[in-house]
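The primary structure of each chain is shown beneath.
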Amino acid sequence: MLKLVLLNFLMAASLFAYPQDFSNKGKEFWISYGNHVRMFETITPQNQAEQMELYMTSDVNTSGSIEVKGIGFTKSFSVTANQITTVSIPRTAALTDEGLYDLGIHVVAERPVVVYSFIYVNAVSGATLCLPVSTLGREYYSLNYTQVSNSGNSYSYFDVIAADTGITTVEIVPSQATKGGHRAGIPFSVSLKQGQVYQVLGELVPGGGNIFKGVDLTGTQIRSVSTGITKCKKIAVFCGSGKISIGCTGSGTSDNLYQQMYPVSTWGKTYITVPSVSSTNSTFTAYSNQTLPLR
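The rules behind the values
Residues numbered from 1 in each chain as written. Predicted model: local features only at pLDDT ≥ 70, side-chain atom pairs only at ≥ 80, totals over all residues. Heavy atoms only, no water. Helix = DSSP H or I, 4+ residues; strand = E, 2+ residues; numbered from the N terminus. Areas by Shrake-Rupley, 256 points an atom, 1.4 Å probe, with all protein chains shown as cover. Pairing = 2+ DSSP bridges. Axes fitted to C-alpha atoms, helices over the stretch in contact; angles between N-to-C directions. Salt bridge = Lys/Arg side-chain N within 4 Å of Asp/Glu carboxyl O. Buried < 20%, exposed > 50% of the residue type's maximum accessible area, 1.4 Å probe, protein only. Core = buried A, V, L, I, M, F, W, Y, C linked by side-chain atoms within 4.5 Å. Contact = heavy atoms within 4.5 Å. Phe/Tyr/Trp six-rings, centres within 6.5 Å; stacked < 30°, edge-to-face > 60°.

1. Some words on the overall build of the protein chain
Then, number 1: For the protein chain, the count of helices and strands is 1 helix and 19 strands.
Then, number 2: Accessible surface, the protein chain: about 14300 Å² in total, of which carbon and sulfur atoms supply 53%.

2. Some thoughts on the sheet that holds strand 15 (residues 204–208)
Then, number 1: Spatial ordering of the open sheet is given by 10-16-15, a layout of 3 strands whose pairing is antiparallel. Two strands lie at the open edges of the sheet, namely strand 10 (147–149) and strand 15, each paired on one side alone. Each strand of the sheet is rotated relative to its neighbour by a mean of 20°, with strand direction disregarded.
Then, number 2: Of the strand pairs in this sheet, strand 15 and strand 16 (residues 211–214) are connected by 3 bridges, and their pairing is antiparallel. Paired with valine 205 across the strands is lysine 213, a residue of strand 16.

3. Describing the pattern of salt bridges
Then, number 1: Tallied over the entire structure, the rule returns 5 salt bridges.
Then, number 2: Across the pair aspartate 97 and lysine 179 runs a salt bridge whose closest N-O atoms are separated by 2.9 Å. Of the two residues, aspartate 97 is situated in the loop between strand 5 (84–89) and strand 6 (99–101) and lysine 179 in the loop between strand 12 (167–173) and strand 13 (188–193); the sequence distance between them amounts to 82 residues.
Then, number 3: Taking relative accessible area as the criterion, aspartate 97 reaches 28% and is therefore assigned partly exposed.
Then, number 4: One salt bridge connects arginine 223 with glutamate 171, and the closest N-O pair in it is separated by 3.0 Å. In this pair, arginine 223 sits in strand 17 (residues 221–225) while glutamate 171 sits in strand 12, placing the two residues 52 residues apart along the sequence.
Then, number 5: Assessed through its relative accessible area of 24%, arginine 223 is described here as partly exposed.

4. Details of the sheet that holds strand 19 (residues 255–260)
Two modes of strand pairing occur in sheets, parallel and antiparallel, and in both the strands are linked by backbone hydrogen bonds.
Then, number 1: Taken in spatial order, the 5 strands make up an open sheet running 6-14-11-18-19, and their pairing is antiparallel. Only two strands of the sheet have a single neighbouring strand rather than two, namely strand 6 and strand 19. Taking each pair of neighbouring strands and ignoring which way they run, the sheet shows an average axis angle of 20°.
Then, number 2: Of the pairings in the sheet, the one linking strand 6 to strand 14 (residues 197–201) comprises 3 bridges and is antiparallel in character. Looking across to strand 14, one finds that leucine 100 is bridged to tyrosine 198.

5. Observations concerning unusual backbone geometry
Then, number 1: Phi angles above zero are rare outside glycine, and asparagine 82 is one such case at about 65°.
Then, number 2: By secondary structure assignment, the location of asparagine 82 is in the loop between strand 4 (73–79) and strand 5.
Then, number 3: Phi at asparagine 122 takes a positive value of approximately 50°, unusual for a residue other than glycine.

6. A short note on the nonpolar core
Then, number 1: Membership of the largest hydrophobic core comes to 57 residues, with the highest contact counts inside it found for Ile31 and Ile66.
Then, number 2: If you tally residues by element for this core, the top one is strand 7 (residues 105–121), at 6 residues.
Then, number 3: Discounting residues that sit within four places of it in the chain, isoleucine 31 has contacts with Met52, Leu54, Leu103, Gly104, Ile105, Val107, Val115, Ser117, Cys130, Ile161, Phe238 and Tyr258.

7. Describing the side chain of serine 254
Then, number 1: On the secondary structure map, serine 254 appears in the loop between strand 18 (235–244) and strand 19.
Then, number 2: Residue serine 254 is classed as buried on the basis of its relative accessible area, which comes to 6%.
Then, number 3: Setting aside anything within four residues of it in sequence, one finds serine 254 in contact with Val124, Ser149, Asn150, Lys243, Ile244 and Ser245.

8. Comments concerning the packing of aromatic side chains
Then, number 1: In the structure shown here, the tally under the stated rule is 8 aromatic pairs.
Then, number 2: Relative to tryptophan 267, the ring of tyrosine 141 has its centre 5.9 Å away and its plane inclined at 45°; by these criteria the two rings are tilted. Residue tyrosine 141 is located in strand 9 (residues 139–141), and its partner tryptophan 267 is located in the segment after strand 19; the two are separated by 126 residues in the primary sequence.
Then, number 3: Ring pairs connect the aromatic residues Tyr55, Tyr116, Phe118 and Tyr120, which therefore count as one cluster.

Here's what the structure looks like:
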């Protein structure tokens, strides 16, 4: 039943297209194995490791491959029209701290597919619809949430992946201090080869009792820049939290948060929202880059 619901969601989502062929259906994707609180905990039979799976579907029969060069992982897959194919990603592809990794997950299909990424362990789970390379842009903002959790080492985070060949220079302006020592509002640059990922974790701050807090990286600017030698190139950006409580009193129940960001070039002014059917409270987060000084 769950796969049937997911299939309906994925196929319906692929119907939405925008000017310049902006669609979530495509032949090539770059994806990151985003941060999860379990990466910082001791793994035991009772405290299992998180897992990552990719779900792929299409309205046509097709095949393709998934590769993570940094760990020598390659997996071929086939998709039957209107069915879901699931591929597990090795945990060695996980981004476990702030810094540079050669762990971009590259999905290539012969004919257009829709891809959905899922990181989970037991009830602590998060998922995102993935965007193909054809829809990626050069400027993004991280959209997170107030970082409160019921587990320690729960970080607000974002990942940036170089999608083009050659060297991609990325300028990052953190909205808050990071675990790696970058200061709020102070730009820094990283150089990425195709498929490399740079992850940033927000700094932890004092909580109390069973409440664990960190800074919220919402508003961090992430953009590909020209150095005079290289042009601005496409990048993919994912953001979220290793574990976070949203809409609960105190730290409440918590899950990891995992979402691919849309480039600034696709932003609009009017949106339609859908409230939760079983909850009296629905939380929506909006951000405008016009509140920041123009650079």
